[in-house]
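Architecture at a glance
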Amino acid sequence: MHRFWTRLLAVATLMAAVTTQAADARIQAPADTSRVWIGADAWANRLQDWRLRDGRIECIAEQPKLKWRTLQAVTSRLGDEPRSFSISTRIGLSNTKVENAAASSLGGIVLGVGCVPGGQDMDHRSAALVHGGWGRGAGCFFGLNPSGELVTRNLNQAAAETVVAQVVEPAVLKDGVVFSLGAAPKADNPARYDFNIRIQTSDGSTILQDWFFTNIDPIEAFGIDFRGGVGLVSHPGEQQQGKYGGRWWFEDVTISGDDVESHPGRAIGPILSTMYTIDTEIGGEHSLLKLTAQLMPIGDDEARSAALQVRKSDGTWHTVDTAQVVIPGWTATFRDDQWDATIEDHYRVVYPAEVTGNGTQHTFEGTIRKDPVQNESVVVAGFTGNHMVGHGFERDGYDFATNVWFPHADVVKNVSAINPDVLFFSGDQVYEGGSPTFPDVQNIELDYLYKWYLWCWAYRDITRDRPTICEPDDHDVYQGNIWGQGGRKAVSPPNNRYGSPMGRDHDGGYVHPAEFVKMVERTQTSHLPDPYDPQPLEQGITSYYTDMVWGGIGMAILEDRKFKSGCNRPDMPPSGTGRPDHFNDPAFDVADLDIPGLTLLGDKQLEFLDRFATDWKGHRMKIALSQTIFANMATHHGGALDRLIADLDSNGWPQTGRNKAIDALRKGFVFHLAGDQHLATIVHHGVDAHNDAIWSFCVPSVANFYPRAWAPTLPGEYSPPAVEDYTGEHRDGFGHPVTVFAATNPGRNMGHEPTRLHNGMPGYGIVRLNKATRAITMECWPRFSDVTDPNAKQYEGWPKTISQTDNYARQPAGWLPKLVVEGANDAVVTVLKMQGDDPDNAELVYSLRLSGTTFDPPVFDASAKYVIEVSRPEAGGKHTYGNLEVATDPQPQKLTVQFTN
């Protein structure tokens, strides 16, 4: 027995429990509700490990690997000042036979969660994740084992449990006991406390055991201050022959006293977050609003509808739309096809939509911004790769205080200060493995939601107040990579060279059930504007690629994974690396990988891009948003940064599909913003030659565990290259011409703790699109930089400003007549190349919104004839001129285009 308990038990006397006068905080289980979600006052680790049933909070995790399951209070905590408190709960074992529960199983209360004596305390949200083992910030446990013994355990360090004494007969735990503890500071020395533990019968009528200990130092006794988070614990115990993991239940959890801080604003649910978009292409008062509310898993017998309301000028609320809560996923999507985007509205989502009996409505509020079309610049913030914790979570000795990076408060704070007009999350909002827990594919829907809810919780204070574009990538659907191949189920090909006969991601398609994939896409994309092609793909999976206009910027939202061909094919050359997507033989000719018939974006999505390039209604400039860039911009991969010649997961492959995508984008002078690569870059792409196509900005990961680097002059072992060695004109892994202006190559100590996070070059990207000057400015911010500090530094190579027309900087073969537009500013010019002598048979060369009234149209085939269309998309009217010939120098002759009102 620990010497502290030996000493105190010698002087312990039966006395009244420590009492306090403050109002109670409770975590209760409604008697008439059964569901997975416990309630808005607590966070369950994990979602699938806890449930409400028969008026009880039950932990159902019994496998030995599911250690130290916690239910952490989020709306109440013990404050920093030395004051009194008491905590009480009814607790018992759910096992059919108590004697069959593993002897080392434990159930009880944990105090001091997220409190680090002598260090920086954790954010209440990061503290809510603490579970799985001991480690700094985990607190101290007080509870019972199946033998009816009182047990304590300082979870901040590797000390063993301390068994204090036998307190009840084991059989009593079937019906449960009331377990209470409390403390009060000494009046003459607030650093020391009187401390009490009491055990009562289940109905509270009889005291079974009672200890009162005087004048203790809680740090000496338990390794914690009496401050910080409070939670419940169910620990299954170690594997034993003929035994089962202990599963503990709880009722009537009460936290009270002067030391209890109440934070009702920290409640999480039943409405957890919202995301919305507004498409203003039709016009300000006739815009499309779509908003999705993410709910926690409500019960089968609970209301299934929610309402979207806006506040009128007189303070009353007007219902815009009602929607059903879609299960699985628990989302409610609202729409208004006649939204007035010229004004700002305060909104709330109400659940349930209608109240019956004595029910209660819950609300979640935010702001729907007005269209920033009058602003000179529109600002887009880009994110990717949201690892929540350092790897190794759920193991003994984990440093929670340092390695729980959720909720990315530094990122949210800085982005809020920048105040972007649009947020873009390009994928890997969820990592299935180790972020924060292992991939539980047996409970895949709830496991995904447990991790997705963390993302919602982290970013909800910025997504609730501005348009947000979000699209899933590979890890969101629990795959290492996606070669979606039109939505099919992944099936191993005949004569498979690469191992498992079971379908894997590189076989092309989706590994997990289609209903799961559809749920993931519904949670992340159902608020996007309506898809260009709503027809179902294979397995009933649908596409979501679409476009929207916001602030005078046309935004194409692409899916560059869903239609991409699988790389494990009989007609593909063997890689020689043991996996079909990685090639590392410098002598291998990567041109052999461009097999006929492979796809990247697919024909329908390329058709969409052609339409997007010529549709300028409401657009001044254009940007494309997708999971990743169209190049193989990593020469070194993984923890050891090993050399890799070609990576087929990158969008440099298949080469023909990549060139089609780049060509489609440059026809509209479209700038490209993306993520996924764990390596931020600025690249000017080429198709036939360097710099003849679009620019891309790949944003850095919010947190990065799989480093990549761009060091094209290093043939082998990696070391951080000099700037002049990785910038300039190069060829990517598939031979595409790329001009590199910046890359966040790892390998340096950035001088910030934790080094494991900051040396991975984490951060986010900002793009500023200036409609007046047609300038595009790229910013790349480390997450440690304070953007409000005038001296704050971006990553090396940023900021970088280019012109809109740099996105089609192809060397002209000649020019068409100079256009002079009268009666219209900023008209749209569309140039088409004639096929033969028929002006009606012509293909798109490019389409551009002018800045001003004159333009010298460049063309790229001097032997062809051309058609020019000059139009006013908003006011109407179009002039067409055909059979135009090419001059090898800008022509002195003019083509005057006259518009009249």
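Looking only at helices and strands, one finds twelve helices and 52 strands in the protein. Against the globule reference of 29 Å for 901 residues, the protein gives a C-alpha radius of gyration of 31 Å, in line with a compact fold. For the protein, restricting intrachain contacts to residue pairs at least 6 apart in sequence, the fraction spanning at least 24 positions comes to 72%. When the accessible area of the protein is evaluated, it comes to approximately 32400 Å², of which 46% is carbon and sulfur surface. Counting 79 positive and 112 negative side-chain charges, the protein places the averaged centre of each group 2 Å from the other.

Taken in spatial order, the three strands of this open sheet run S48-S45-S52, and their pairing is mixed. Here the strands that pair on one side only, and so sit at the sheet edges, are strand S48 (854-855) and strand S52 (894-898). Across five bridges, the pairing between strand S45 (residues 818-822) and S52 is parallel. Paired with Leu 819 across the bridge in S52 is Leu 895.

Moving on: the pairing of strand S16 (residues 248-256). Of all nine residues making up S16, eight are buried, and the element is well covered by its neighbours. Where strand S1 (residues 25-27) and S16 come together, three bridges link them in antiparallel fashion. Along S16, the bridge assignment pairs Ala 25 with Ile 255. Sheet analysis places strand S4 (residues 56-59) next to S16, joined by two bridges and oriented antiparallel.

Turning our attention to the packing of aromatic side chains. Per the stated rule, a full pass over the model turns up 41 aromatic pairs. Ring centres of Phe 425 and Trp 455 lie 4.8 Å apart, and the angle between their planes is 85 degrees; on these two criteria the pair is classed as edge-to-face. Of the two residues, Phe 425 is situated in strand S26 (residues 422-425) and Trp 455 in helix H7 (residues 444-463); the sequence distance between them amounts to 30 residues. Of the residues examined, Phe 425 reaches a relative accessible area of 0% and is grouped as buried. Taken together, Phe 383, Phe 425, Tyr 448, Trp 452, Trp 455, Tyr 459, Tyr 478, Phe 516 and Tyr 764 form an aromatic cluster joined through their ring pairs. Sitting over the ring of Trp 249, Arg 56 keeps its end group 3.5 Å from the ring centre. Of note, Lys 622 hangs over the ring of Trp 616, and the distance from its end group to the ring centre comes to 4.3 Å.

On to the pattern of salt bridges, then. Close approach of charged atoms lets side chains of opposite charge pair. Taken as a whole and assessed by the stated rule, the structure comprises 49 salt bridges. A salt bridge links Arg 51 to Glu 58; the shortest N-O distance between them is 2.8 Å. Among the residues examined, Arg 51 registers a relative accessible area of 25% and is labelled partly exposed. When the shortest N-O distance is used, the salt bridge between Glu 869 and Lys 878 registers 4.0 Å. Assessed through its relative accessible area of 22%, Glu 869 is described here as partly exposed. The structure contains a network of salt bridges with shared partners spanning Arg 46, Asp 49, Arg 69, Glu 394, Asp 440, Asp 447 and Lys 451.

Core analysis: the biggest nonpolar cluster contains 125 residues, and Trp 43, Trp 452 and Met 555 have the highest contact counts within it. No other element matches H7, which puts 14 residues into this core. Other than its neighbours up to four places away in sequence, Met 555 contacts Val 380, Val 422, Ile 469, Thr 546, Asp 547, Met 548, Trp 550, Phe 612, Ile 623 and Leu 625. Counting residues in hydrophobic clusters, the runner-up holds 53 residues, among them Ala 44, Ala 61, Ile 87 and Ala 221.

Structurally, the position occupied by Asp 447 is in helix H7. A relative accessible area of 0% places Asp 447 in the buried class. If we skip the residues at most four places from it in the chain, Asp 447 touches Arg 46, Gln 48, Thr 437, Phe 438, Pro 439, Asp 440 and Tyr 478.

Turning to the confidence of the model for the protein, a few remarks are in order. The pLDDT averaged across the protein works out to 93; a share of 97% of its residues lies at or above 70. Low pLDDT, under 50, characterises residues 1-22; the stretch is placed with 55 contacts to residues that sit more than four places away or in other chains.

Right, let's talk about the environment of His 730 for a bit. With respect to the helices, strands and loops of the structure, His 730 is situated in strand S39 (residues 728-731). A distance of 3.0 Å separates a polar atom in the side chain of His 730 from the backbone oxygen of Thr 727.

Before going further, it helps to spend a moment on the packing of helix H9 (residues 603-614) against helix H10 (residues 655-666). Contact geometry for H9 and H10: axes closest at 8 Å, N-to-C directions at 20 degrees. Classed by the angle they form, the pair H9 and H10 counts as roughly parallel. Remark: the crossing between H9 and H10 carries left-handed chirality. Here H9 contributes Leu 606, Leu 609, Asp 610 and Ala 613 to the contact with H10, which in turn contributes Lys 660, Ala 661, Ala 664 and Leu 665. Class assignment of the residues belonging to the contact of H9 with H10 gives a composition of six nonpolar, no polar and two charged.

Attention now moves to H10. Here H10 spans 16 Å end to end across twelve residues, near enough to the 16 Å set by a 1.5 Å rise per residue. Of the residues making up H10, those classed as buried are Gln 655, Gly 657, Arg 658, Ala 661, Ile 662, Ala 664, Leu 665 and Arg 666. Buried residues belonging to H10 abut H9, strand S31 (621-625), strand S36 (681-685) and strand S40 (737-743).

Our focus in this paragraph is the sheet that holds strand S47 (residues 838-849). Pairing is antiparallel across the open sheet formed by four strands, whose spatial order is S47-S46-S50-S51. Both outer strands of the open sheet, S47 and strand S51 (878-884), are each paired with one neighbouring strand and no more. The average undirected angle you get between the axes of adjacent strands in this sheet is 25 degrees. Relative to S51, strand S50 (residues 866-871) runs antiparallel, the two being bridged by five bridges. Within the sheet, the bridge partner assigned to Tyr 866 lies in S51 and is Leu 884. Packing against the sheet, H9 makes contact with strand S46 (828-835) and S47, and its axis sits at approximately 70 degrees to S47.

Each value, and the rule that gives it
Residues numbered from 1 in each chain as written. Predicted model: local features only at pLDDT ≥ 70, side-chain atom pairs only at ≥ 80, totals over all residues. Heavy atoms only, no water. Helix = DSSP H or I, 4+ residues; strand = E, 2+ residues; numbered from the N terminus. Rg over C-alpha atoms; globule rule 2.2 N^0.38 Å. Contact = heavy atoms within 4.5 Å. Areas by Shrake-Rupley, 256 points an atom, 1.4 Å probe, with all protein chains shown as cover. Lys, Arg positive; Asp, Glu negative; His and termini not counted. Charge placed at Lys NZ, Arg CZ, Asp CG, Glu CD. Pairing = 2+ DSSP bridges. Buried < 20%, exposed > 50% of the residue type's maximum accessible area, 1.4 Å probe, protein only. Phe/Tyr/Trp six-rings, centres within 6.5 Å; stacked < 30°, edge-to-face > 60°. Lys NZ or Arg CZ within 6 Å of the ring centre and 35° of its normal. Salt bridge = Lys/Arg side-chain N within 4 Å of Asp/Glu carboxyl O. Core = buried A, V, L, I, M, F, W, Y, C linked by side-chain atoms within 4.5 Å. pLDDT = per-residue confidence, 0-100. Polar contact = N/O pair within 3.5 Å; in protein donor to acceptor, adjacent residues only side chain to side chain. Axes fitted to C-alpha atoms, helices over the stretch in contact; angles between N-to-C directions. Parallel < 35°, antiparallel > 145°, perpendicular 65-115°, else oblique. Left-handed = near helix turned anticlockwise from the far one by under 90°. Nonpolar A, V, L, I, M, F, W, Y, C, P; charged D, E, K, R; others polar. Expected span 1.5 Å × (residues − 1).

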